[in-house]
Amino acid sequence: AAADDRGLKFRRHPALQRAIAGLTGGATILIAGRPDKGKTSFVADILTDFAPQAVQVFGPNRPILWLCNEGAGARIKPRLYQAALDMNIHQIQQLSNAGTLEELYSQAIGAPIDFIRIKNAHGMSMAQVEQILELMKPSIVVYDMLANMRLGRGKSSGNKAEDLEAVAQISRELAVMYDHVAIQTAQISAEGDDMLYPSYSALKDSKTALQGAVDTIIMLGSLNNPSVANLRGISTPKNKFAVPGQPSCVTVEAVLDGANCRVRQT
């Protein structure tokens, strides 16, 4: 199975495609970045690339689930259309007015238009998440943001780092139990501010706890200089899915195309 390298690949990001082996059920990927620096666009970019692959790897009846507990889920839907079609919002509106948007979107993701499903998860506990997984049987689950997920009523320890580690461990167990790829989002703390390639100790509310509960960490670094506002540094400081013969940690510069919700490797 390892030799076949079967699974989901980062086809739009050559450096990640070379460094990270195919993702299959049970894999947990953490995507971290500073606030308002393109995490949602990056996830939309990745998911719309993964969608046709998920149909091939997991089958057409196992959708992608995006659990959103940071802002309204309705704001994410247009970004998926933009990322899938590589168009800005005005072009998307024109397609919608012409009545061709849904057909073109479905073609782009190689699946029905509801294959990537967004669900508001504000205040949701991990037990409630498991109930959804049982019913939906998704191929990919996005926890956006992981730190806002709840263990359950009366289960909080009062320690943010410990609670975050517990939630991460549960999401990892659920990925194995229900055979899906878990993608978690987290923030980079002030320690990693104004850095293209921060270390993974710069994750908010965690120095080592969260880092040990995931398989691969993808950092989306950025600089505060306005002249390079769209420059991003993509790195993999932890990568348990390293491709044999390739370095596990890669560092590569990319550009955030916020208008089209794409992150393009330079």
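Residues numbered from 1 in each chain as written. Predicted model: local features only at pLDDT ≥ 70, side-chain atom pairs only at ≥ 80, totals over all residues. Heavy atoms only, no water.

**Q** Is there a simple way to think about helix α7 (residues 160-177) in this case?
**A** Side chains three or four residues apart in an α-helix point the same way, a direct result of the helix having 3.6 residues per turn. For α7, with 18 residues, the first-to-last C-alpha span of 26 Å sits near the 26 Å given by 1.5 Å per residue. Three or more residues of α7 are buried, namely Asp-163, Leu-164, Val-167, Ala-168, Ser-171, Arg-172, Leu-174 and Ala-175. (Helix = DSSP H or I, 4+ residues; strand = E, 2+ residues; numbered from the N terminus. Expected span 1.5 Å × (residues − 1). Buried < 20%, exposed > 50% of the residue type's maximum accessible area, 1.4 Å probe, protein only.)

**Q** Explanation requested: the state of the cysteines in the structure shown.
**A** In protein structure, a disulfide is the covalent linkage between the sulfur atoms of two cysteines. Under the definition given, this model contains 0 disulfides. No disulfide involves Cys-68; its sulfur sits 14 Å from that of Cys-261, the nearest cysteine. (Disulfide = S-S within 2.5 Å.)

**Q** Help me out: how do you make sense of the pattern of salt bridges in this one?
**A** Pairing of side chains with opposite charge becomes possible as their charged atoms draw close. Inspection of the entire model under this criterion finds 10 salt bridges. A salt bridge links Arg-262 to Asp-45; its shortest N-O distance comes to 3.8 Å. Highlighted residues: Arg-262 in strand β9 (residues 262-265) and Asp-45 in helix α2 (residues 39-58), separated in sequence by 217 residues. Residue class for Arg-262 comes out buried when judged on its relative accessible area of 12%. Judged by its relative accessible area of 1%, Asp-45 is buried. Across the salt bridge formed by Arg-62 and Asp-179, the nearest N and O atoms sit 3.2 Å from each other. One end of the pair, Arg-62, is in the loop between α2 and β2 (64-68); the other, Asp-179, is in the loop between α7 and β5 (181-187), with 117 residues separating them in the sequence. A network of salt bridges, in which partner residues are shared, links Arg-12, Asp-45, Asp-86, Asp-257, Arg-262 and Arg-264. (Salt bridge = Lys/Arg side-chain N within 4 Å of Asp/Glu carboxyl O.)

**Q** Would you mind showing me how to read the sheet that holds β2 here?
**A** Strands belonging to one sheet form pairs held by backbone hydrogen bonds; the direction of such a pair is parallel or antiparallel. Ordered by their spatial adjacency, 9 strands build an open sheet running β3-β2-β4-β5-β1-β6-β7-β8-β9, and the pairing between neighbours is mixed. A strand with exactly one partner marks an edge of an open sheet, and here the two such strands are β3 (116-120) and β9. Taken pair by pair, the neighbouring strands of this sheet meet at an average axis angle of 25°, ignoring direction. Pairing between β2 and strand β4 (residues 140-144): 5 bridges, direction parallel. Counted as the bridge partner of Cys-68 is Asp-144 from β4. (Pairing = 2+ DSSP bridges. Axes fitted to C-alpha atoms, helices over the stretch in contact; angles between N-to-C directions.)

**Q** Can you walk me through the packing of aromatic side chains in this structure?
**A** The geometry of an aromatic ring pair is captured by the separation of the ring centres together with the interplanar angle, meaning the angle of the planes. Applying the stated criterion to the full structure yields 2 aromatic pairs. Ring centres 5.1 Å apart and planes at 65° place the aromatic pair Phe-10 and Phe-50 in the edge-to-face group. A residue pair is termed long-range when its members are at least 10 positions apart, and Phe-10 in the segment before α1 (14-19) and Phe-50 in helix α2 qualify at 40 residues. Take Phe-50: its relative accessible area is 1%, and that puts it in the buried class. Both rings, one in Tyr-81 and one in Tyr-105, keep their centres 4.3 Å apart while their planes meet at 55°; by these two values the pair is tilted. Of this pair, Tyr-81 sits in helix α3 (residues 76-85) while Tyr-105 sits in helix α5 (residues 101-109), placing them 24 residues apart in sequence. With respect to burial, Tyr-81 and Tyr-105 carry one shared label: buried. (Phe/Tyr/Trp six-rings, centres within 6.5 Å; stacked < 30°, edge-to-face > 60°.)

Any functional reading would require information beyond the geometric quantities listed.
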